[in-house]
Amino acid sequence: MRIGFGVDVHRLEKNRPLFIGGVKIPSEKGAVGHSDADVLIHAICDALLGAANLGDIGFHFSDQDPKFKGIDSKILLRNVMVLVKDKGYSVGNIDATVVLENPKVNPHVPMIKEVLSEILEVNLDEVSIKATTHEKVDSFGNQEAIKSYCVCLLSRNA
Ligand code: MG
C-alpha cells in the first residue's frame, strides 16, 4: 500500500460557478482558477499523484497551458487515474475534507460520492467526503477562499 496527501486552495468571487467534487453547487460565490477550480478534485489528484510518486497536478496540467483553461476537473482526475494505473496501482480508498464557510456542502455529499466513486473505480464506501467551516476565522471564514485536503491509499496490482 502507498499513502498520498493533497491540499488545494482557491479564491472565491461572486458570479462564478462553484464546483466541488464534480458537482455544481448553488452558491453566491464560486471558485476562481485556470480550470473549473474544483478544489476537492484537485486535492484528490495531488493525493493520488503523491501516493504514486508522480509529481503534482501543476506538473501534469500547467495553469499556463491554454488547453486546460476552463477544463472540467473530472477530466483531470480521469487523466490522473490513467497515470496511476499505468504505474501499476489502483485506489484503495480516499478520505477528504472540504473547508467552506457557506453554503453547506453536506447536502451534496451523496452526489459527490457517486461522481467520484465512478471515476476512481471504487465502491461508494471507499470514498469519504467530509465538510467543515472555518468558524468565521481568517480568509476561509470570511468566505474569501475554499480549501480541501485529501489522503488516499493506493494498492499495487498483483
Ligand atoms: Mg486547484
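Residues numbered from 1 in each chain as written. Predicted model: local features only at pLDDT ≥ 70, side-chain atom pairs only at ≥ 80, totals over all residues. Heavy atoms only, no water.

Trainee: Got a sec to walk through the overall build of the chain? Specific residues and values, please.
Mentor: Counting its regular elements, the chain contains five helices and seven strands. Ordered by position from N to C terminus, the α and β elements of the chain give β-β-β-β-α-α-α-β-α-β-α-β. Over its C-alpha trace the chain gives a radius of gyration of 15 Å, about what one expects of a compact globule, namely 15 Å for 158 residues. Counting only residues that meet the buried cut, the chain has 46% of its 158 residues in that class. Counting contacts in the chain only where the partners sit at least 6 residues apart, residues at least 24 apart contribute 74% of the total. About 7900 Å² of surface is accessible on the chain, with carbon and sulfur atoms providing 51% of the total. (Helix = DSSP H or I, 4+ residues; strand = E, 2+ residues; numbered from the N terminus. Rg over C-alpha atoms; globule rule 2.2 N^0.38 Å. Buried < 20%, exposed > 50% of the residue type's maximum accessible area, 1.4 Å probe, protein only. Contact = heavy atoms within 4.5 Å. Areas by Shrake-Rupley, 256 points an atom, 1.4 Å probe, with all protein chains shown as cover.)

Trainee: Tell me about the packing of aromatic side chains, and please be specific about residues and values.
Mentor: All told, the structure shown has two aromatic pairs when counted by the stated rule. With a centroid separation of 6.5 Å and 25 degrees between ring planes, the pair formed by Phe5 and Tyr149 is classed as stacked. Placement of the pair is Phe5 in strand β1 (residues 2-14) and Tyr149 in strand β7 (residues 145-156), with a sequence separation of 144 residues. With relative accessibility at 33%, the residue Tyr149 sits in the partly exposed group. Relative to Phe68, the ring of Phe61 has its centre 5.4 Å away and its plane inclined at 85 degrees; by these criteria the two rings are edge-to-face. We note that Phe61, like Phe68, is buried. The ring centre of Phe140 lies 4.3 Å from the NZ or CZ of Lys147, which sits over that ring. (Phe/Tyr/Trp six-rings, centres within 6.5 Å; stacked < 30°, edge-to-face > 60°. Lys NZ or Arg CZ within 6 Å of the ring centre and 35° of its normal.)

Trainee: Account for the sheet that holds β1, with residues named and values stated.
Mentor: Strands sit in the order β4-β1-β7-β5-β6 across an open sheet of five strands; the sheet is mixed. Looking at the sheet topology across the chains shown, the edges are occupied by β4 (29-32) and β6 (127-132). For this sheet, the mean inter-axis angle between neighbouring strands, taken without regard to orientation, is 25 degrees. Bridge analysis of β1 against β4 gives four bridges, and the strand direction is antiparallel. Across the sheet, residue Arg11 finds its bridge partner in β4, namely Val32. Helix-sheet contacts for helix α4 (residues 109-120) involve β5 (89-99) and β6, and the interaxial angle to β6 is about 145 degrees. (Pairing = 2+ DSSP bridges. Axes fitted to C-alpha atoms, helices over the stretch in contact; angles between N-to-C directions.)

Trainee: Break down the pairing of β1 for me, with residues and values.
Mentor: In this structure, β1 lies alongside β7, joined through 10 bridges in antiparallel fashion. Bridge pairing in β7 links Val7 to Tyr149.

Trainee: Lay out the pairing of β5 with the relevant residues and their values.
Mentor: As judged from the 10 bridges shared by β5 and β7, these two strands associate in the antiparallel manner. Among the inter-strand pairings, Val99 is bridged to a residue of β7, identified as Lys147. Judged from the six bridges that link them, β5 and β6 form a sheet pairing that is parallel. Paired with Ala96 across the bridge in β6 is Ile129. Handedness of the β5-α4-β6 crossover: right-handed. (Right-handed = clockwise from strand over helix to strand, strands pointing away.)

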